[in-house]
Amino acid sequence: MKDILKIIIPELEQDMKHIAKTVTVLMLFLLSTAWGQTFSVSGSVTLEGQTDHSGIKVRLMDIAGNTPTPEDSTTSASTGAYSINIAAGYYLVEWTKTGYVPEELGGLVLTANTALDDVTLIPGSIQEVSGTVNTATWTTNNVFYVTGNCTIPSGQTLTINAGVRVKFSSGKGMEVNGTLIANGTSSSRIVFTSRESVPAAGDWDQIYLKGTNSQLSYFDYLYAANPLRSDGNDAVTNTTIDNGYFANLGSDATGIYLYDGGGETITNNNITTSGSVYGIYTRYNEDGGGTTITGNTITG
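Residues numbered from 1 in each chain as written. Predicted model: local features only at pLDDT ≥ 70, side-chain atom pairs only at ≥ 80, totals over all residues. Heavy atoms only, no water.

**Student:** For this particular structure, what's the right way to read the packing of aromatic side chains?
**Tutor:** Both the distance between ring centres and the angle between the ring planes are used here to describe each pair of aromatic rings. Enumeration according to the criterion identifies 9 aromatic pairs in this entry. Here Phe219 and Phe246 contribute two aromatic rings whose centre-to-centre distance is 5.6 Å and whose plane-to-plane angle is 80 degrees, an arrangement assigned as edge-to-face. Linking Phe219 in strand E18 (residues 215-222) with Phe246 in strand E20 (residues 240-247), this pair joins segments that are 27 residues apart in sequence. Residue classification places Phe219 among the buried positions, given a relative accessible area of 0%. Members of the aromatic cluster, each reached through a chain of ring pairs, are Phe168, Phe192, Trp204, Phe219, Tyr221 and Phe246. (Phe/Tyr/Trp six-rings, centres within 6.5 Å; stacked < 30°, edge-to-face > 60°. Helix = DSSP H or I, 4+ residues; strand = E, 2+ residues; numbered from the N terminus. Buried < 20%, exposed > 50% of the residue type's maximum accessible area, 1.4 Å probe, protein only.)

Here it is as structure tokens:
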């Protein structure tokens, strides 16, 4: 089996590199055929709870180079409608207004007139976090940017409310030595994702649960390089992971990884991996009780 894997895994890696190269070549071809032409970008952006949606800035950033460069911008009408004519290119679209959480769309390949999906800005702002996070509650008043590795100490609890978005900078993650309570709802999921303007598999590190009684439900775990991991250190963790959606993970990332614990409940998760790793891996402490794993869907 090991000899077979030694053959298969390099072939999978080569296939992924080939696909990425093909997509890049196709994008360049499309841009070259439209080079020098101008196209319209239109759509609708609204403010949550308001009737006047005017004055929202819509800016397009050229991201064909190493550094995003402002290209052009416009503002929305009272209905939220906007339209701008701009040269063919590869863009990041930003929607911003003071007092509201900004939204962005990365990787727009503009080679024809394009109508974007509707966008709604919610009241709030960006809050950057790093280092030690003591007992706190994160609410939808903010989008949380994890700019440096953050740690929840033993005895402390971080509560993340339904609908909150947590965006991790490249290579950054969260270590929970205390307790993480992140319970979304079916209509208001919590999102853990990349902060990059054009997200890619493996952008950020992982969430690593080393404490007890953590609960995560109705959440998305996207673009992480490593699994959502729970370590018990030969003790019962009582970790609950329910209705999570795992996708765009790093090529070597298991979806959920449980090690030397017990008492975990892993239910109703939807996990997509690269196909060469586990969806769920568990090694539990026999003296501390078993692990309940039911109703999960694994693709890969």
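**Student:** Hey, could you run me through the environment of Arg165 in this one?
**Tutor:** Topologically, Arg165 is positioned in strand E13 (residues 165-168). When its relative accessible area of 17% is taken as the criterion, Arg165 is described as buried. Residues Arg165 and Thr139, spaced 26 residues apart in sequence, show a C-alpha to C-alpha distance of 9.2 Å. In contact with Arg165, not counting residues within four places along its chain, are Val101, Glu103, Ile122, Val143, Phe144 and Val191. At 2.9 Å, the side chain of Arg165 forms a polar contact with the side chain of Glu103. (Contact = heavy atoms within 4.5 Å. Polar contact = N/O pair within 3.5 Å; in protein donor to acceptor, adjacent residues only side chain to side chain.)

**Student:** Explain the sheet that holds strand E5 (residues 89-96) to me, please; I cannot follow it from the model alone.
**Tutor:** Strand pairing in a sheet relies on backbone hydrogen bonds, with the paired strands running either antiparallel or parallel. The antiparallel open sheet is built from 4 strands, whose spatial order is E3-E2-E5-E6. Looking at strand neighbours, the two that pair on one side only are strand E3 (69-75) and strand E6 (103-110), the edges of this open sheet. If you compare each strand with its neighbour and ignore which way they point, the axes differ by 25 degrees on average. As judged from the 6 bridges shared by strand E2 (residues 57-62) and E3, these two strands associate in the antiparallel manner. (Pairing = 2+ DSSP bridges. Axes fitted to C-alpha atoms, helices over the stretch in contact; angles between N-to-C directions.)

**Student:** What exactly am I supposed to notice about the pattern of salt bridges here?
**Tutor:** For side chains bearing opposite charge, pairing can occur when the charged atoms are close. The full count for this structure, using the stated rule, is 7 salt bridges. The partner of Glu94 in a salt bridge is Arg59, and the shortest N-O contact between them spans 2.7 Å. Here Arg59 lies in strand E2 and Glu94 lies in strand E5, a separation of 35 residues in the sequence. Look at Glu94 and you get buried, because its relative accessible area is 16%. For Arg59, a relative accessible area of 26% puts it in the partly exposed group. Measuring nitrogen to oxygen at the nearest pair gives 2.8 Å for the salt bridge that ties Arg283 to Asp260. Residue Arg283 is found in strand E24 (residues 280-284), and its partner Asp260 is found in strand E21 (residues 256-261); the two are separated by 23 residues along the sequence. Its relative accessible area of 14% is what places Asp260 among the buried residues. (Salt bridge = Lys/Arg side-chain N within 4 Å of Asp/Glu carboxyl O.)

**Student:** When you look at the pairing of strand E16 (residues 190-194) in this model, what are you seeing that I'm missing?
**Tutor:** Each regular strand displays side chains that alternate between the two surfaces of the sheet. The element E16 is extensively covered by neighbouring structure, given that 5 of its 5 residues are classed as buried. Bridge analysis of E13 against E16 gives 4 bridges, and the strand direction is parallel. Considered in E16, the bridge of Arg165 is made with Val191. Pairing between E16 and E18: 3 bridges, direction parallel. Its bridge partner lying in E18, Val191 is registered against Asp220.

**Student:** What should I look at first to understand the environment of Thr74 in this one?
**Tutor:** Mapped onto the secondary structure, Thr74 falls in strand E3. Taking the C-alpha atoms as reference points, Thr74 and Asn85, separated by 11 residues in sequence, lie 9.7 Å from one another. Leave out the neighbours within four places in its chain, and Thr74 touches Ile56, Lys57, Val58, Tyr82, Ser83 and Ile84.

**Student:** Looking at this model, I keep getting lost on the pairing of strand E11 (residues 142-152). Mind explaining?
**Tutor:** Of all 11 residues that make up E11, 8 are buried, and the element is covered over most of its length. Bridge count between E11 and E13: 3 bridges; the pairing is parallel. Pairing of Val146 across the sheet is with Phe168, part of E13. By the bridge criterion, 3 bridges tie E11 to strand E14 (residues 174-176) in an arrangement that is parallel.

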